[in-house]
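As a plain string of letters, each chain reads:
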Amino acid sequence: MSDEIPVTVIARFTPAPERAAQLQALLGGMVAPTRSEPGCRLYNLFTAHGDDTEFVLIERYEDTPALEAHRASAHYKNYRAQLPDLLAKPIDVTVLAPVDVLD
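- An unreviewed UniProt entry lists the protein under the name Antibiotic biosynthesis monooxygenase, with Amycolatopsis pithecellobii as the source organism.

If you want it as structure tokens, here you go:
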């Protein structure tokens, strides 16, 4: 993947029993600091309407170095350290490169 093309990430989180509210708060706390990163184009948190059994982050960065900078940030490292106790299973992360995207 070239460093100069936009990178989209889809991350799916399944909360451990009784941990959905804590997980949502942790993920929600990532929104503002990540959106303020220079290379972040999009950072949105979703769940199925009326269902908190899975949370989905859809992220877009201007390029691979911007994604790498995000993963090196203090807020990212802090959030990752808190995740294990809140998850029922490992995060499902897919990193996408554009093929035909309307931007």
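That was the structure; now back to the text.
1. With respect to the nonpolar core
The nonpolar side chains of a soluble globular protein tend to be buried with one another.
At step 1: Counting 23 residues, the largest nonpolar core has Phe13, Leu23, Leu27, Tyr43, Tyr61, Tyr79 and Leu83 as its most contacted members.
At step 2: Only strand 1 (7-13), helix 1 (20-35), strand 2 (40-47), strand 3 (55-61), helix 2 (64-72) and helix 3 (74-82) provide two or more residues apiece to this core.

2. Focus: the UniProt feature "domain: ABM" (unreviewed entry) in the protein
At step 1: This chain's UniProt record puts "domain: ABM" (unreviewed entry) on residues 7-96.
At step 2: In this annotation, residues 7-96 is assigned 38% helix and 30% strand; the end-to-end C-alpha distance for the span is 6 Å.

Cut-offs applied
Residues numbered from 1 in each chain as written. Predicted model: local features only at pLDDT ≥ 70, side-chain atom pairs only at ≥ 80, totals over all residues. Heavy atoms only, no water. Core = buried A, V, L, I, M, F, W, Y, C linked by side-chain atoms within 4.5 Å. Buried < 20%, exposed > 50% of the residue type's maximum accessible area, 1.4 Å probe, protein only. Helix = DSSP H or I, 4+ residues; strand = E, 2+ residues; numbered from the N terminus. UniProt positions renumbered as here; feature names shortened; annotations may be inferred.

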